[in-house]
Amino acid sequence: MLVVVCVKQVPDTTQVQIDPVTNTLIREGVPFIVNPYDTHAVEQALRFKDRYGCRVVAISMGPPNAEATLRKALAQGADRAVLLSDRVFGGADTLATSKVLAAAIERLAKEDEVGVVICGKQTIDGDTAQVGPGIATRLDFAQLTLVDRVDELDLSARRIKVSRKLEGRHEHVEAPLPVLLTVVRELNRPRYPTVAMRLESADAQVEVWDNSVLGLDVNTIGLKGSPTWVSRIFSPERAKGEMLGDGAHDPEGAAQILIDKMIEKDLLAL
Ligand SMILES: Cc1cc2nc3c(=O)[nH]c(=O)nc-3n(C[C@H](O)[C@H](O)[C@H](O)COP(=O)(O)OP(=O)(O)OC[C@H]3O[C@@H](n4cnc5c(N)ncnc54)[C@H](O)[C@@H]3O)c2cc1C
């Protein structure tokens, strides 16, 4: 059985800059990292591999340099890495992205059964959390989002039991295989690649699939297949702080002014 894990290359968020004219990301000189949630997705896939002997395939859609992201998954222990890269995939919104990823998973399923697909809960750049559910819907897989614990994977009964992290509570749910999980950070602690694994992954092959492999209608993928696009992107302006009293020479007086202000604005429950 294959476990497919989706990993995305994202800019190191503290350094992102947006082109004010085109509203697109300025990629030059920006360091990229593996989307942090996806490292937890890879770890879960590897735990399935360790316990049940599944093969783990990491896939990513992106430009050629996204290969580095896949090498990190290989260094963690993934068996195979496939980069979906083609100009016709470019400019994709979440709908078109999930279409390409789902087609790649269908293609892998021709070689071996895909029992579980794992994605991060969301990315730290797009933050839509739409891609995982989009893939599950296209593949007609059960989907369990926000998974923070895997309780049981029963391969003979073809069922999985997990805990989901909701706001202020947890939910225990069960689903049949094949299933798509999206995972949160609390799920596990990603293993640190050993030096030997890193060296090995540096020479490992990352397969590159273009659209000739997937055979998708070019009008349904990339920019052409994206019904949404960004009309404006901006960072919210921070309200300027207000100096209260003279904190340097009269800290107690400044604290009293602050408390009075908080009481005035009903911010302190008395
Ligand atoms: C309205 C809109 C317009 C956009 N226009 C453009 C554009 O013109 N050009 C452009 O480059 N981007 C564009 N994007 C960004 C692009 O849609 C996202 O990079 C991509 O769709 C993933 O969405 P996300 O980051 O929100 O993923 P999320 O749904 O937050 O990601 C969830 C999980 O899905 C998986 N995943 C997501 N993306 C990938 C991927 N590419 N490969 C492998 N796994 C993945 C990961 O496991 C991830 O943790 C646009 C996005 C939106 C919403």
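Below you will find a few notes about this structure. Note that the coordinates shown come from a computational prediction; the quantities given were computed from them, not determined experimentally.

1. Notes on the pairing of strand S1 (residues 2-6)
Among the five residues in S1, five count as buried, and that is most of the element. Residues of S1 alternate between two faces, with Leu2, Val4 and Cys6 on one and Val3 and Val5 on the opposite face, all of them buried. Two elements, S1 and strand S4 (residues 55-61), share five bridges in a ladder whose sense is parallel. If you follow Val5 over to S4, its bridge partner there is Ala58.

2. Quick word on the sheet that holds S1
An order of S9-S8-S7-S10-S6-S1-S4-S5-S11 is seen for the nine strands of this open sheet, with the pairing classed as mixed. In this open sheet, the two strands that pair with only one neighbour each are strand S9 (169-176) and strand S11 (207-209). Between one strand axis and the next, the sheet turns by 35° as a mean value, whatever way the strands run. Taken together, the six bridges between strand S7 (residues 142-154) and strand S8 (residues 159-166) define a ladder with antiparallel strand orientation. Bridge pairing in S8 places Glu152 opposite Lys161. Relative to the sheet, helix H2 (residues 67-76) contacts S4 and strand S5 (80-84), its axis offset from that of S5 by approximately 165°. Of the strands in this sheet, S1, S4, S5, strand S6 (114-120) and S11 touch helix H3 (residues 94-109), which is tilted by about 150° from S4.

3. Points about the pairing of S6
The buried fraction of S6 amounts to seven of the seven residues, a majority that puts the element mostly inside the structure. Bridge count between S1 and S6: four bridges; the pairing is parallel. When the sheet's bridge partners are listed, Val4 is paired in S6 with Val117. Of the strand pairs in this sheet, S6 and strand S10 (residues 179-183) are connected by five bridges, and their pairing is parallel. Its bridge partner lying in S10, Gly120 is registered against Val183.

4. What to know about unusual backbone geometry
Omega for the bond connecting Leu177 with Pro178 falls within 30 degrees of zero, at -5°, which places this linkage in the cis form. Residue position: Pro178 is located in the loop between S9 and S10. Phi at Leu146 is positive, roughly 55°, even though this residue is not glycine.

5. A closer look at the packing of aromatic side chains
One pass over the full model with this rule turns up one aromatic pair. With a centroid separation of 6.3 Å and 45° between ring planes, the pair formed by Phe48 and Tyr52 is classed as tilted. Linking Phe48 with Tyr52, this pair stays in helix H1 (residues 36-52), spanning four residues, or about one helical turn. Note on Tyr52: relative accessible area 26%, which makes it partly exposed. The side chain of Arg107 reaches across the aromatic face of Trp209, ending 5.0 Å from its centre. The ring of Tyr37 has Arg185 sitting right over it, with the charged end atom 4.7 Å from the ring centre.

Conventions used here
- Residues numbered from 1 in each chain as written.
- Predicted model: local features only at pLDDT ≥ 70, side-chain atom pairs only at ≥ 80, totals over all residues.
- Heavy atoms only, no water.
- Buried < 20%, exposed > 50% of the residue type's maximum accessible area, 1.4 Å probe, protein only.
- Helix = DSSP H or I, 4+ residues; strand = E, 2+ residues; numbered from the N terminus.
- Pairing = 2+ DSSP bridges.
- Axes fitted to C-alpha atoms, helices over the stretch in contact; angles between N-to-C directions.
- Contact = heavy atoms within 4.5 Å.
- Phe/Tyr/Trp six-rings, centres within 6.5 Å; stacked < 30°, edge-to-face > 60°.
- Lys NZ or Arg CZ within 6 Å of the ring centre and 35° of its normal.

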